[in-house]
Amino acid sequence: MKPSAKQKKASALKNLGATELLRERELRGIIETVLRLAKSTQAEETEVHVDEVADALTRFANNGIHQNVAEHSVTISIRTVTEGCTARATTNRLDEDSLRAAIDASLSLAHSQPKDSRILPMPKRQRYRTVNRFIKRTAALTAEDRARVVRRACDLAVKKGQVAAGIFSSGQSQSAVGNSRGLFAAYRETHSQFSITMQEDPAASWAKANSADVRAFNPQSLAERASEKAHLAANAQELAPGRYTVILEPAAVLDLVGFLFYDFAATALEDKRSCLNERMGKQLFGKNITISDDVFHPLQQGAPFDGEGLPRQRVLLVDRGIPKNLVYSRASANVAGKKPTGHGFTLPNEYGEAPMNLVFSGGDSSLEKMVAATDRGLLVTRLWYIREVDPYEKVMTGMTRDGLFLVEKGRVTGAARNFRFNQSLIEMLKNVELLGPAARATGEESFEMVVPAMKVHNFHFSEVTKF
């Protein structure tokens, strides 16, 4: 019996989430092919990156799905070193002619570069700590699975007289790096993300989560939270600008403190473009602020090796408010007489390195406890359009969005019109009164990291916005 049109459509939807990644031996085979081809060229050393991404996205608006897309790509990036010069070229073709052309392009670009006395020999074979962030349940997620979740969220919006919009994405990715000195490393992970905005004219609110394991968050709970806050935000009152006690939800914390991560790079200090210049080893933040970079933290994601294939190390960056350590690439470590920490970007690059897996130590104060302990203040859902005003004092400007609520005598009493803020992150991290449990947070201005909610006094709002 021939399948019906409905069955064919269901099968096609299901297959959109079932992409198979290359096996590790196939990744190794691609790298070995490039290294073999490079032997007959002028390349003294060769490094190969293979990156594969299989992503799918369901987008919805006006209480219905309007787009479903899937993408699968493989990219091969080749760096060559010749006569003290280096460059990189990229291709998305796997045949030998295309790989050979990419090698030739890399060499041609290298010959056009000035000699770089800081180029180091490529690293030899390394040993890596195993991390497993490939979740079969997430990899098997289909368009039909995502559609069912979105349908429930949109049904909630219709029931509440609201309008829902957002995305539900899932996918898998992997990367491998190898070089002509015998190094090889490979890593794969899955990822899933749900983001929703609920609008109840003229107000809106928002919730978002992501994880390697799609079971780590509940999309319907996120939709319910956004719905409740959108309803509460419908009759916002205008307050006077000034300094307020604020309760920052994790997404708001993330999008602010995310602007600090480059400052912990040794290259940034060497170039005098870090807020930590002349401040290392001094009490800079409050004693309740401890920050590390830890790719092995259970709430983190990412490869256990850096852009050159060096193993990532856990680094204590701030200890009870005192900046203690930096992260180093091989080049910056060589200049400083330190050991590399495995945080270098792929070469060549102008930034050097950065901690990509920031973890803030948290406390035991829930958002409810913070609200209950606040006589008068503001509860901030998230921030947006954040820009740096003063790089050394880390003064940031931006706006609140999607739910700003007035807290009076230990309870939320209503919504407030959005504010623009002008606030030093250094000052903010001195004024933290309470910390919530550290959680994996995701926002819109920074990459994901593990941060707590924060209650902060004297947060500076400079003016009321027009929405």
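Residues numbered from 1 in each chain as written. Predicted model: local features only at pLDDT ≥ 70, side-chain atom pairs only at ≥ 80, totals over all residues. Heavy atoms only, no water.

Colleague: An account of the pattern of salt bridges is needed here, citing residue identities and associated values.
Modeller: Using the criterion set out here, one finds 26 salt bridges in the structure. Here Glu45 and Arg181 are joined by a salt bridge, their closest N and O atoms 3.7 Å apart. In this pair, Glu45 is assigned in strand S1 (residues 45-61) and Arg181 in the loop between strand S4 (163-179) and strand S5 (184-200), connecting sequence segments 136 residues apart. Judged by relative accessible area, Glu45 falls into the buried class, the value being 12%. The class of Arg181 is partly exposed, set by a relative accessible area of 34%. (Salt bridge = Lys/Arg side-chain N within 4 Å of Asp/Glu carboxyl O. Helix = DSSP H or I, 4+ residues; strand = E, 2+ residues; numbered from the N terminus. Buried < 20%, exposed > 50% of the residue type's maximum accessible area, 1.4 Å probe, protein only.)

Colleague: Residue-level account of helix H7 (residues 250-257), with values.
Modeller: The buried fraction of H7 is high, at seven of eight residues. Restricting attention to buried positions, one finds in H7 the residues Ala251, Ala252, Val253, Leu254, Asp255, Leu256 and Val257.

Colleague: Which residues make up the sheet that holds strand S3 (residues 85-91), and what values go with them?
Modeller: To summarise the sheet geometry, strands pair through backbone hydrogen bonds and adopt either a parallel or an antiparallel arrangement. The sheet built from six strands is open, its strands ordered S3-S2-S1-S4-S5-S6 with antiparallel pairing. The open sheet has two free edges, formed respectively by S3 and strand S6 (203-211), since each of these has just one partner strand. Ignoring strand direction, the axes of neighbouring strands in this sheet form an average angle of 15°. The sheet contact formed by S1 and strand S2 (residues 64-82) spans 17 bridges and is antiparallel. (Pairing = 2+ DSSP bridges. Axes fitted to C-alpha atoms, helices over the stretch in contact; angles between N-to-C directions.)

Colleague: Just give me the short version of the nonpolar core, but keep the residues and values in it.
Modeller: Grouped together as the largest cluster of nonpolar side chains are 54 residues, with contacts concentrated most on Val246, Leu248, Leu256, Leu378, Met428, Leu429 and Met454. Once you skip the residues sitting within four places of it in the chain, Leu378 turns out to touch Leu239, Tyr244, Thr245, Val246, Ile247, Leu404, Phe405, Leu406, Ala416, Phe419 and Phe461. (Core = buried A, V, L, I, M, F, W, Y, C linked by side-chain atoms within 4.5 Å. Contact = heavy atoms within 4.5 Å.)

Colleague: With reference to specific residues and values, describe the pairing of strand S15 (residues 419-424).
Modeller: Here strand S13 (residues 395-408) pairs with S15 via five bridges, running antiparallel. Among the inter-strand pairings, Met396 is bridged to a residue of S15, identified as Gln423. When S15 meets strand S19 (residues 454-464), the two strands line up antiparallel, connected through three bridges. By the bridge assignment for S19, Phe421 is matched with Phe461.

Colleague: Describe the packing of helix H5 (residues 143-160) against helix H6 (residues 219-232), with residues and values.
Modeller: Direction vectors running N to C along H5 and H6 enclose 25°, while the axes themselves pass 9 Å from each other. By the angle between their directions, the pair H5 and H6 is classed as roughly parallel. The two elements H5 and H6 meet at a crossing, and its hand is right-handed. Taking contact as the criterion, the partners of Val149, Arg152, Ala153, Leu156 and Lys160 in H5 are, on H6, Pro219, Gln220, Ala223, Glu224 and Ser227. Residue classes in the contact of H5 with H6 are distributed as five nonpolar, two polar and three charged. (Parallel < 35°, antiparallel > 145°, perpendicular 65-115°, else oblique. Left-handed = near helix turned anticlockwise from the far one by under 90°. Nonpolar A, V, L, I, M, F, W, Y, C, P; charged D, E, K, R; others polar.)

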